[in-house]
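# Per-entry structural report
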Amino acid sequence: MLALVMLINRAGSMVLPFLGVYMTGHLHFSIENSGIILSFFGLGSVLGSWLGGLITDKIGEYRVQSLSLLLSVPLFCLIPLFKTEVGLAAIILIQSIVSETFRPANSVAITKYAKPENITRAFSLNRMAVNLGFSIGPALGGILSAISYEFLFFSNALAALLAGLMYIRFFGKRNKLASLKPKKVKEAIAVRKENSPYRDGKFLLYSFFCMLFAICFFQLFSTLTIFYKDTAHLSQQSIGYILGYSGFLIVLLEMGFVQIAEKYFNLAFTLFIGTILCGVSYAMLAFDHSILTLVVSMTLLCIGEIWTLPFISTITALRSGENNKGAYMGMNGIAVALAFIITPYLGTMTADKLGFNTLWIGTGVLAVGIAAGFYFVIPWMLKKREIKR
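Residues numbered from 1 in each chain as written. Predicted model: local features only at pLDDT ≥ 70, side-chain atom pairs only at ≥ 80, totals over all residues. Heavy atoms only, no water.

### Considering the overall build of the chain
Counting secondary structure elements, the chain contains 18 helices and 0 strands. Across the 389 residues in the chain, those meeting the buried criterion constitute 51%. At a minimum sequence separation of 6, the contacts of the chain that also span at least 24 residues come to 85%. Counting every atom, the chain has about 18100 Å² of accessible surface; 69% of that belongs to carbon and sulfur. (Helix = DSSP H or I, 4+ residues; strand = E, 2+ residues; numbered from the N terminus. Buried < 20%, exposed > 50% of the residue type's maximum accessible area, 1.4 Å probe, protein only. Contact = heavy atoms within 4.5 Å. Areas by Shrake-Rupley, 256 points an atom, 1.4 Å probe, with all protein chains shown as cover.)

If you want it as structure tokens, here you go:
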């Protein structure tokens, strides 16, 4: 049910891919100003991840998810009313903060309802919902935006409302029953200061590597599409097909590949090989950009993503304590959200100044360093039994 709520919510997240077109084509903002406004979405993601982690540990994941979904409804409806750069940047910042508080709370809910031995598969199921929503949302957004941008924003609000009502209907009673259960003595003890993610040196180093990985990976949403259009000379329709292929491939393969990793790999090696595959997928673009190479590259990127992103959440959950899961999920969410701010500028600047070949080879080399970092940091951070799972 958590995954179904996520699917409805993410299928409704059709506004973001079309915000740039909306600002330049409909509101006639400059490309530079549109890029600055879009950066406020990344800033809101960072603040929302921090706030979501903080308040989840204080008021519980049920209230945070409910409030996030329901408060998103009027905010989506308000976006069309703001016609200036400053006004639109402000409402996008607020909307992003409210929406992104959902993520740490949702991650905590997964650890709450999933059995310990199924936690990675539970995160994978949730990610499958995100990717399926990512495949459906842009297609719906293209149809709706052709009718009216206002219709696009209102449809997004409707999807958030449906997700919120479904979540409250299904989990309201379950949350009350869970809160009535007697807490264990160890859960009543205050979390020690050294368990705070902001004072956990090992976890901060791990989150730093997660941020670097996200900077490499999230080129999928920025510089990679520019490369497809300008260097590989693909049409917008062909770019859409490749992105859609990536989403459906992950839905098709994720659960099976996660089970393979759980059966044959430990956590450190899983992130090592996943990060290497992501690096190879980008580096190979420097040597050829035929359609076959582009498809093989995207396939490797999807497999690398499967063996990295869900396990990042699992490792975060294993490192956290009983009473500070929200803070740990929020801290790791901040690290990933920072990539949304850094990646578009760093990637486009590198491609513009040094060329795409330098960007892709540099991404591959950086990925190898990140993979080595994961391989040594994870055993250092977790206990041996947790690494072996």
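Now that the structure is up, let's keep going.
### Considering the environment of I91
Locating I91 in the fold gives a position in helix 5 (residues 85-100). Accessibility expressed as a relative area gives 4% for I91, which makes it buried. Along the chain, I91 and F40 lie 51 residues apart, while their C-alpha atoms are 9.4 Å from each other. In contact with I91, other than residues within four places in its own chain, are L75, L78, I79 and F82.

### A short note on the environment of I334
As for its position among the elements, I334 is in helix 16 (residues 325-354). Residue class for I334 comes out buried when judged on its relative accessible area of 11%. The spatial distance from the C-alpha of I334 to the C-alpha of G42 is 10.0 Å, given a sequence separation of 292 residues. Setting aside anything within four residues of it in sequence, one finds I334 in contact with V46, S49, W50 and Y198.

### A look at the packing of helix 13 (residues 267-283) against helix 14 (residues 291-306)
Two numbers describe a pair of packed helices, the interaxial angle and the distance between the axes. As a packed pair, helix 13 and helix 14 sit with axes 7 Å apart at the nearest point and diverge in direction by 160°. Comparing their axes, helix 14 and helix 13 come out roughly antiparallel. At the point where helix 13 passes helix 14, the crossing takes the left-handed sense. Residues G274, L277, C278, V280, S281 and Y282 of helix 13 form the contact with helix 14, whose participating residues are S297, L300, L301, I303, G304 and E305. (Axes fitted to C-alpha atoms, helices over the stretch in contact; angles between N-to-C directions. Parallel < 35°, antiparallel > 145°, perpendicular 65-115°, else oblique. Left-handed = near helix turned anticlockwise from the far one by under 90°.)

### Points about the side chain of T308
Among the structural elements, T308 can be located in the loop between helix 14 and helix 15 (309-319). In this structure, T308 is in contact with F213, L271, G274 and T275, ignoring residues within four places of it in sequence.

### So, the packing of aromatic side chains
Tallied over the entire structure, the rule returns 22 aromatic pairs. Ring geometry for F227 versus F356: centroids 5.3 Å apart, planes at 65°, classification edge-to-face. Here F356 lies in helix 17 (residues 356-381) and F227 lies in helix 11 (residues 223-230), a separation of 129 residues in the sequence. Residues F227 and F356 agree in their burial class; the two are buried. With a centroid separation of 5.1 Å and 70° between ring planes, the pair formed by F265 and F269 is classed as edge-to-face. The exposure class of F269 is partly exposed, given its relative accessible area of 31%. Pairwise contacts between aromatic rings join F257, F265, F269, F272, W307, Y375 and F376 into one cluster. (Phe/Tyr/Trp six-rings, centres within 6.5 Å; stacked < 30°, edge-to-face > 60°.)

### A word on the nonpolar core
Generally speaking, a soluble globular protein has its nonpolar side chains buried in company with each other. Of all hydrophobic cores here, the largest spans 57 residues; its most connected members are Y206, L224, Y228, W360, F374 and I378. Among the secondary structure elements, those contributing two or more residues to this core are helix 10 (201-217), helix 11, helix 12 (236-264), helix 13, helix 14, helix 15, helix 16 and helix 17. Of the residues forming this core, the biggest block, 11 residues, is contributed by helix 10. Sequence-distant contacts of Y228, defined by excluding residues within four places in its chain, comprise H233, L234, I239, I242, L294 and M298. Formed by 22 residues, the second largest nonpolar core is a distinct cluster that contains L75, I79, L88 and I92. (Core = buried A, V, L, I, M, F, W, Y, C linked by side-chain atoms within 4.5 Å.)

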